[in-house]
Amino acid sequence: MFLRSLKQLRKKVGFRLTIWYSGIFILSALFLFALAYFLLSSSLSKQDHEAIELRLQELSALYQTGGRELLEREVTVEKKFEKKIPFFTRLAGRDNETLFLHIPYQWVEFDIKLLEKMTPDTTMRWTRLPLKNNRNALEVASIRLPNDYLLQVGKSTEDREKILRHFREIFTAVMVPLILFGFAGGAFLAFRALRPIRHLISAVRSVGPNRMDTRVRSPQTGDELDELATLFNGMLEKIETLINGMRDSLDNVAHDLRTPMTRLRGIAEIALRSDQNLEICREALADSIEESERILTMLNTLMDISEAETGVMKLDLESVNVSALIEGVAELYRYVAEDKGILVHTMASNDLYLTADPNRMRQILANLLDNSIKYTPTGGRVDIEAHHRGQKIVILVKDTGTGIHPEELPRIWDRLYRCDQSRSQKGLGLGLSLVKAIVQAHKGQIEVFSEPGKGSNFVISLPSNNDQS
Ligand code: ADP
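What you are looking at is a predicted structure, and each value in this text was computed from that prediction instead of being measured.

Right, let's talk about the side chain of Asp48 for a bit. Among the structural elements, Asp48 can be located in helix 1 (residues 2-81). A residue is classified by how much of its surface remains accessible, and Asp48, at 11% relative accessible area, is buried. Those residues in contact with Asp48 that lie beyond four places of it in its chain are Lys155, Ser156 and Arg160.

Next up, the structure:
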């Protein structure tokens, strides 16, 4: 399912990225062409205008020096020698009637009469005579001469249009391969960008019950896909730890069950071989009950832990007075402690209340106190205290016992884990796992501070019941 979603994601994202990358490329190319076209067109038009203006100044100066005659001579000479850049020239009277006109033969199609119908003003101005069925036009600049005559010089846009048309043709010819190249480049970039997803897919494919060590190679790009790879690796890490934990637990349970079961079998064999000796048979039966009791306790505790951890443990919540709770548990163990020469001291004000399951709370404290007495040598001391800390109630179980080695500290909460030094003592290695699971089922936390040879301090914090306090 996850693999299929990943493949769909790869397809969708791949398609979108291809469109996105090639779109950016093609649009950028289009924009560059448009910019170049605009710059070229405006530079050519500026060039033409400058040439026309220059010619107009020239002819105006000539007219002012030698009158109409000199002007006509100049234009006629130009006509004769067929200059490279032919100009249109017109001299008009005060009422815009044509006095002199020179139209290079290429431009006879322009309707020059239009110029006669216009009423030019006194300053220099530009007129554009369009050509029918053609993009070309005649651009004409006009100037008033000192005697109020009108001098007009013009030039066709044909040359300019030719260059621009050529430019457009090149653009069209280049655009088709450019679009193809854009798509190919986009697809390649999308393919590269999706490399982490491909790694992810192959990692998901290779993950199996016996192959949890696979990890996705991080592209180290710091983007979302990189984050996805890191998250996925983190998830695999957690699953691997959980699976290994479960495997270890199962191994431990199997191992811890084998000893009492073998013992049970041994007891039964002795009883069978006793030739119906009633005393031996009774003893064997009593031992069998004791062993079965141990196995049952172990299985029940394992069930309790798993129920508490998965949130299905039934808790009969009520308001519990913490001081009474501590006193009750301490009272139960006072005799055992005195027997071992250990002082049990309690301290809790009477106004501390918790919303909790009292039986489970008793179970927690009994387990912690039992451990403290078990792992504290004669002459030691155990303190159980409770007080308010902000919105929480903190319960401490402190002892002056053997303490726990720092390397073993993180493992004491694991099911069936027993520290090396405690193997000589009775125990299943399940007490602290159960304590932690029940505390968490009550939305609390437990931590431990311990120093070998000095003692341990187990600290439980639980939400306080404000209504009662
Ligand atoms: P056990 O049945 O062995 O007591 P627990 O789960 O209660 O199992 O505790 C796990 C291990 O933590 C114990 O084997 C012991 O080594 C260590 N431990 C727990 N409480 C104490 C304590 N108060 N002082 C020293 N070691 C402790």
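Sheet strands pair via backbone hydrogen bonds, and the direction of the pair is either parallel or antiparallel. If you trace the five strands from one edge of the open sheet to the other, you get 2-1-5-4-3, paired in antiparallel fashion. Two strands in the sheet have a free side with no partner beyond their single neighbour: strand 2 (98-102) and strand 3 (125-130). Averaged over all pairs of adjacent strands, the angle between strand axes in this sheet comes to 20 degrees, irrespective of strand direction. Direction of pairing for strand 3 relative to strand 4 (residues 137-144): antiparallel, over a ladder of six bridges. By the bridge assignment for strand 4, Leu129 is matched with Leu138.

What follows covers helix 6 (residues 278-310). Compared with the 48 Å implied by 1.5 Å per residue over 33 residues, the 47 Å span of helix 6 between its first and last C-alpha is a close match. Listed as buried for helix 6 are Ala284, Ser288, Glu291, Ile295, Met298, Thr301, Leu302, Asp304, Ile305 and Ala308. Where helix 6 is buried, its residues touch helix 5 (224-273), helix 8 (358-374) and helix 9 (431-441). Its side-chain oxygen 3.0 Å from the backbone nitrogen of Glu279, Asn277 forms the N-cap of helix 6. Directly after helix 6, the chain includes Gly311, whose backbone phi takes a positive value near 85 degrees.

So, about the domain arrangement of the protein. Interfaces are often sized by the accessible area lost when the parts come together. Domain assignment breaks the protein into domain 1 (2-172), domain 2 (224-310) and domain 3 (318-468). Taking only C-alpha atoms into account, the centre of domain 1 sits 97 Å from that of domain 2.

To continue, consider helix 5. A rise of 1.5 Å per residue sets the reference length of helix 5, with its 50 residues, at 74 Å; its end C-alpha atoms lie 73 Å apart and thus fit the reference within 8%. Just beyond helix 5, the residue with positive phi is Asp275, at close to 55 degrees.

With that settled, the discussion passes to a positive patch on the surface. On the surface, Lys7, Arg10, Lys11 and Arg205 cluster together to form a positively charged patch. No other element matches the three residues that helix 1 contributes to the positive patch. Counting through the fold element by element, Lys7 comes out in helix 1. According to the relative accessible area criterion, Lys7 is partly exposed, its value standing at 31%.

The subject of this paragraph is the nonpolar core. Grouped together as the largest cluster of nonpolar side chains are 52 residues, with contacts concentrated most on Leu368, Ile395, Ile412 and Phe458. Split by domain, this core shows at least three residues from each of two domains, domain 2 (224-310) and domain 3 (318-468). Once residues within four sequence positions are removed from consideration, Phe458 is found in contact with Leu368, Ile395, Leu396, Val397, Ile404, Ile412, Trp413, Leu432, Ile446, Glu447 and Val448.

We now examine the packing of aromatic side chains. Each pair of aromatic rings is reported with the distance of its centres and the angle of its planes. Counting across every chain of the model gives six aromatic pairs. When the centroid spacing of 6.0 Å and the interplanar angle of 65 degrees are considered together, the rings of Phe33 and Phe167 count as edge-to-face. With Phe33 in helix 1 and Phe167 in helix 3 (residues 158-193), this pair connects stretches of sequence that are 134 residues apart. Their ring planes at 85 degrees and their centres at 6.1 Å tell us that Trp413 and Phe458 sit as a pair that is edge-to-face. In this pair, Trp413 sits in the loop between strand 10 (392-399) and helix 9 while Phe458 sits in strand 12 (residues 455-463), placing the two residues 45 residues apart along the sequence. Put simply, the rings of Phe33, Tyr37, Phe167 and Phe171 pair up and form one aromatic cluster.

So, how was this worked out
- Residues numbered from 1 in each chain as written.
- Predicted model: local features only at pLDDT ≥ 70, side-chain atom pairs only at ≥ 80, totals over all residues.
- Heavy atoms only, no water.
- Helix = DSSP H or I, 4+ residues; strand = E, 2+ residues; numbered from the N terminus.
- Buried < 20%, exposed > 50% of the residue type's maximum accessible area, 1.4 Å probe, protein only.
- Contact = heavy atoms within 4.5 Å.
- Pairing = 2+ DSSP bridges.
- Axes fitted to C-alpha atoms, helices over the stretch in contact; angles between N-to-C directions.
- Expected span 1.5 Å × (residues − 1).
- Polar contact = N/O pair within 3.5 Å; in protein donor to acceptor, adjacent residues only side chain to side chain.
- Domains from an automatic or database assignment.
- Patch = residues over 30% accessible without salt bridge, like charges linked within 9 Å, V, L, I, M, F, W, Y side chains within 5 Å.
- Areas by Shrake-Rupley, 256 points an atom, 1.4 Å probe, with all protein chains shown as cover.
- Salt bridge = Lys/Arg side-chain N within 4 Å of Asp/Glu carboxyl O.
- Lys, Arg positive; Asp, Glu negative; His and termini not counted.
- Charge placed at Lys NZ, Arg CZ, Asp CG, Glu CD.
- Core = buried A, V, L, I, M, F, W, Y, C linked by side-chain atoms within 4.5 Å.
- Phe/Tyr/Trp six-rings, centres within 6.5 Å; stacked < 30°, edge-to-face > 60°.

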